[in-house]
Amino acid sequence: MKLSGWGRYPTADCAVQRPRDTQAVEQALAAAEGALIARGNGRAYGDSALNPASTLDMRGLDRILAFDDASGQVVAEAGVMLADLIDLFLPRGWFPAVTPGTKFVTIGGAIASDVHGKNHHKDGSFGMFVDWIDLLGPDGQVRRASRTEEADLFAWTVGGMGLTGVILRAALRLAPVESGWIRQTMTPAPDLATAMALFEQAQDATYSVGWIDCLATGKDTGRSLVMLGEHAIHAELGVRAHADRWAQAHKRAKTVPLDFPGFALNGLSVRAFNTLYYANGKRQAGEALIDYDSYFYPLDAILEWNRIYGRKGFAQFQCVLPLEASQAGLTALLNQIARSGQGSFLAVLKRMGAQSSRFSFPMEGYTLALDFPMRRSTPALFAELERIAIDHGGRFYLAKDSQLTPERLRQSDPRTAAFTAMRDDSGAANRFQSLQSERLGL
Amino acid sequence: MTQSVLVIGARSDIGIAAARAFAAKGYAVQLAARNASSTLIENATDLQVRYRSAVTLHDVDALDLASHEGFVAGLPVLPDVVVCAVGYMGEQKRNEVSLDEMSTVLRSNFEGPASLFTILANKMVARGSGALVGISSVAGERGRAANYVYGSAKAGFTAFLSGLRNRLAKDKTGVHVVTVLPGFVYTQMTQGMDLPAKLTAKPEEVGAAIVKAVEKGRDVVYVRPIWQGIMLAIRNIPEFKFKTMSI
């Protein structure tokens, strides 16, 4: 069946199986002549979860096997989504300790990509809250990996893009919260230096994220809306929120009804939109109480928003730059993007905290993420942006990537050699492959 | 008092979704399937963890008619709602040549469910309340070359449900019968098929539609309304034309 990642580029005709239990996954691996890849809810943007010969749709493994009301530890199969955990456990006072910008990701996908959220600077990535993983390895054996047993396997699997084995189930810790509401403080920043200063001053804030106008030029370069957030405690809820403590009031999701034609998002319309959005943000600066869905998952409210880029799909560029090179690197990237005139409305700037992982994306510094509709000129633009990021010591988020080359990956990330050596030693290289792993020689 | 639901065919995707949808509403859940007591333990755990539901497991073989009375007698309580999601499509090409296979398809989709519903309906009538939900299929609305063995069994089941509903409503027994026609659903049965997204429901949608149908006392439910129009059109193609078509 025709499959793609969230960016709808590239697409591939994949033989898909949908196992529903461990046994069925084991059988699929045993029956596969070559390699396969596990796929969650298809929210990685590029080709991380595509394998034409054999793709395992893991959403059939969706049972929750234990929840400890005292510690917040949940044990669940890999196909359970964060949305399920929130629906079930937020009303009991628990929320994912780390969440990406969509709740429609599976636990298996979140571990494989070691996703991060608006609290990365403070709490780290998703993997920090995973206690153990049951993994089907290349030899057909299921192993439980944690920080104390099979510690190497655990370390490679978190952020390992599904290339160490098939994640079957995991134990992860949720964080206690007093409500489903977030106290948001929004501050406009007229330029990049101001935005970065706001992030640096906000190291103690639980959540921080910036929307950045990637088409602004000159003195406006890098103008942003910086949003900080805290989980509202019970006493901070106003009348409306008090009556709806866990923010459960029904909100109807909208769906993008059809593919937008390619010309709908041209440089002019995005530039106009960004100007309006920034001006509006300036007017609404200050504090507000916002429900968790609108705060963490604004785009989830528009189902299939990926269709606004049209049938050819889009690619997302996301890099992280080390702290000391961030300002120079971001400036160079923003200049290049503005020159191309191709940037989209959806651009995100975020301060990341220190993290040392075997192969995960985050490191201390600044991450920039933005979408580009797929056009003939897009690969060349990515090559230029990737070159700038590499020159500033940056690296790339494989969960978003569809454009990197083996050379640029290795230039950006010296950990790659150890990752491929591990794959060769364990036999995983022959049993677990995606179009991405083949493209990048992983 | 806690209401209870019995899901027969609880291993199927629609069975799982129905169990979750009722459990979310606070129902106690009886999961029934072949070897349920040894193979559905994690499904029971899932319902307990998600919804703090009371869950029991019951072995039943839809094809073993002689065991059905004993199965129903062995339930902890006569449930308020029964959902029958038993179904077996087989492979049409095999169903065309193997009488054993054809018989299994006919009996799994029609005779077995009809037997179970007969026993349960009579007990519900004696009690004076209950709802019986049969998962049938749009494939039963007109026999097609592509799946007429399965389709004819579902046609039989649809007619059985319609007649049972008529009998129980006419006599004001307090027992209601719902026919659910899911259309395409992303399930084990359809994995690997390229199904049109607009016509294809997720199992959760079917689960939600079942709960709603029971709550609102609906008779016949198309999970995606578009199927009602499609089947109306298909039923109205003249036979001399229909017989030459591949749809």
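It should be noted that the structure appears before, not after, this text.
Residues numbered from 1 in each chain as written. Chains lettered and ligands numbered in written order. Predicted model: local features only at pLDDT ≥ 70, side-chain atom pairs only at ≥ 80, totals over all residues. Heavy atoms only, no water.

Caption draft 1: Spotlight on the overall build of chain A. Helix and strand counts for chain A come out as 15 helices and 21 strands. At 21 Å, chain A has a C-alpha radius of gyration in line with the 22 Å of a compact globule built from 442 residues. Taken along the three principal axes of its C-alpha coordinates, chain A extends 60 × 50 × 45 Å. Sorting the 442 residues of chain A into buried and exposed places 59% on the buried side. (Helix = DSSP H or I, 4+ residues; strand = E, 2+ residues; numbered from the N terminus. Rg over C-alpha atoms; globule rule 2.2 N^0.38 Å. Buried < 20%, exposed > 50% of the residue type's maximum accessible area, 1.4 Å probe, protein only.)

Caption draft 2: The overall build of chain B, seen in detail. Along chain B, the regular secondary structure elements total ten helices and nine strands. The C-alpha atoms of chain B give a radius of gyration of 18 Å, which matches the 18 Å a tight globule of 247 residues would have. Judged by the C-alpha coordinates and their principal axes, chain B covers about 55 × 40 × 35 Å. Every one of the 247 residues in chain B was classed for burial, and the buried ones make up 50%. The long-range share in chain B, meaning contacts at least 24 apart out of those at least 6 apart in sequence, stands at 69%. Carbon and sulfur atoms make up 56% of the accessible area of chain B, which amounts to about 11,400 Å² in all. (Contact = heavy atoms within 4.5 Å. Areas by Shrake-Rupley, 256 points an atom, 1.4 Å probe, with all protein chains shown as cover.)

Caption draft 3: Local environment of the packing of helix 6 (residues 99-127) of chain B against helix 7 (residues 148-170) of chain B. Residue and element names in this part refer to chain B. Contact geometry of helix 6 with helix 7 gives a least axis separation of 8 Å together with a crossing angle of 15°. By the angle between their directions, the pair helix 6 and helix 7 is classed as roughly parallel. Remark: the crossing between helix 6 and helix 7 carries right-handed chirality. Along its contact with helix 6, which presents M102, V105, L106, N109, F110, P113, A114, F117, T118, A121, N122 and V125, the element helix 7 presents V149, Y150, S152, A153, K154, G156, F157, F160, L161, L164, R167 and L168. Of the residues assigned to the contact of helix 6 with helix 7, the class counts are 17 nonpolar, five polar and two charged. (Axes fitted to C-alpha atoms, helices over the stretch in contact; angles between N-to-C directions. Parallel < 35°, antiparallel > 145°, perpendicular 65-115°, else oblique. Left-handed = near helix turned anticlockwise from the far one by under 90°. Nonpolar A, V, L, I, M, F, W, Y, C, P; charged D, E, K, R; others polar.)

Caption draft 4: How the structure looks around the packing of aromatic side chains. Residues and elements named next belong to chain A. Counted according to the given criterion, the structure contains 23 aromatic pairs over all chains. Seen in terms of ring centroids, Y45 and F314 are 5.7 Å apart; in terms of plane orientation they differ by 90°. Their pairing is edge-to-face. Of this pair, Y45 sits in the loop between strand 4 (37-39) and strand 5 (55-57) while F314 is found in strand 18 (residues 314-322), placing the two residues 269 residues apart along the sequence. Classification of Y45 as buried rests on a relative accessible area of 13%. (Phe/Tyr/Trp six-rings, centres within 6.5 Å; stacked < 30°, edge-to-face > 60°.)

Caption draft 5: Quick look at the pairing of strand 5 (residues 130-135) of chain B. Residues and elements named next belong to chain B. In terms of burial, strand 5 is largely enclosed, as six of its six residues are buried. Neither face of strand 5 is open: one carries G130, L132 and G134, the other A131, V133 and I135, and all of them are buried. Examined bridge by bridge, strand 4 (residues 81-84) and strand 5 share four bridges and lie parallel to one another. Looking at strand 5, one finds that V83 is bridged to V133. Relative to strand 6 (residues 175-181), strand 5 runs parallel, the two being bridged by six bridges. (Pairing = 2+ DSSP bridges.)

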